[in-house]
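Notes for the structure review
So the chains spell out like this:
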Amino acid sequence: MLFRSTQVSAKVSLDSAKLQISELSAEFLGGKHRGQWQADFSVKPAVCKGSGSLTGVSLARLADAMKDGWIAGTANTSYEVKGSCPAEFWTSAEGTLQFDMNDGTLPHISLGEDTEPFRFTRFAGQARLQAGKIEMKDAKLDSPDGKFQLSGSASLKGELDLRLARTPNGAAAPGYTISGTVAEPRVSPLSGAETQARLKP
């Protein structure tokens, strides 16, 4: 479980086969979660939906929970999701996600001739959850290697289909494609990229 704290509080009510969990507050991956969730059992299949925010989340702890050190840094995010519950929730869920990650590292990836893991100072944008995939469009990624726009999708199974385009002088330019999986990504240069990209061993 990702919630590993006794400091959890919420208001719970049940009325006409509808479960309401409001003012849900808990420690989450070294940060804080606040939000509310609802479950409507008066319809078939039952529908669950939730919204809330997370602040100060440790991405390294998230990676540890996934048993692969694929990311580090801190993140703040807000979310709104809805889907069938309970077993099919994540495969049927649709919603939106606002995220802002800071001072992070992607240990499995390096760009150009640099063998060091790819680092970013800020990664922010909006994503949509649909059909088991998180889809992003023009998320902003600032790094010591320059500024980038990130678009594409990552499935909840960890499959990647992303494009990382450089933005010199505010205009998008050729960059890289990232495919494969979170654990084993494949990085390739887009046509016209100025430098070679490769997967860090």
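Residues numbered from 1 in each chain as written. Predicted model: local features only at pLDDT ≥ 70, side-chain atom pairs only at ≥ 80, totals over all residues. Heavy atoms only, no water.

Points about the state of the cysteines
Here is the rule we go by: When the sulfur atoms of two cysteines come within 2.5 Å, that pair is taken as a disulfide. Helical segments are the DSSP runs of H or I of at least four residues, strand segments are the runs of E of at least two, and each set is numbered from the N terminus.
This model, assessed by the stated rule, comprises 1 disulfide. Residue pairing for C48: its cysteine sulfur links by disulfide to C85, the two sulfurs lying 2.2 Å apart. Judged by the sign of its S-S torsion, about 80°, the cystine formed by C48 and C85 is right-handed. Taken as a pair, C48 in strand β4 (residues 47–58) and C85 in the loop between β5 (72–84) and α2 (89–92) lie far apart in primary sequence, 37 residues in all.

Here we look at the environment of Q36
Note the following rule: Note on definitions: a residue-residue contact is assigned when non-hydrogen atoms from the two residues lie within 4.5 Å.
With respect to the helices and strands, the residue Q36 is situated in strand β3 (residues 31–40). Sequence-wise, Q36 and G52 are 16 residues apart; in three dimensions their C-alpha atoms are separated by 6.3 Å. Ignoring anything within four residues of it in the chain, the contact list for Q36 reads Q20, I21, S22, K49, G50 and S51.

What to know about the pattern of salt bridges
Going by this rule: Every case where a carboxyl oxygen of Asp or Glu lies within 4 Å of a side-chain nitrogen of Lys or Arg is listed as a salt bridge. Accessibility here uses a 1.4 Å probe with only protein chains present; expressed as a share of the type maximum, an area under 20% marks a residue as buried, one over 50% as exposed, and anything in between as partly exposed.
Counting across every chain of the model gives 4 salt bridges. R128 is the partner of E94 in a salt bridge, and the nearest nitrogen-oxygen pair spans 3.8 Å. You can see E94 sitting in strand β6 (residues 94–106) and its partner R128 sitting in strand β8 (residues 118–130), a full 34 residues away along the chain. Under the relative-accessibility criterion, E94 is labelled partly exposed at 40%. Given the relative accessible area of 35%, R128 is considered partly exposed.

Observations regarding unusual backbone geometry
Put simply, K44 and P45 share a cis peptide bond, and its omega is -5°. For P45, the location among the structural elements is in the loop between β3 and β4. A positive phi is found at K67, a non-glycine position, where the angle reads about 60°. Within the secondary structure layout, K67 lies in the loop between α1 (59–65) and β5.

What to know about the confidence of the model for the chain
Stated precisely, the cut-off is as follows: Per residue, pLDDT captures the predictor's confidence, and it can take any value from 0 to 100.
Of all residues in the chain, 87% have pLDDT values of 70 or greater, and the mean over the chain is 84. Below a pLDDT of 50 lies the segment residues 193–201, which in the model reaches 33 contacts outside its immediate sequence neighbourhood of four places, other chains included.

Focus: the side chain of S155
Here S155 lies in strand β10 (residues 146–155). Non-local contacts of S155, meaning those with residues more than four positions away in its chain, are made with G132 and K133.

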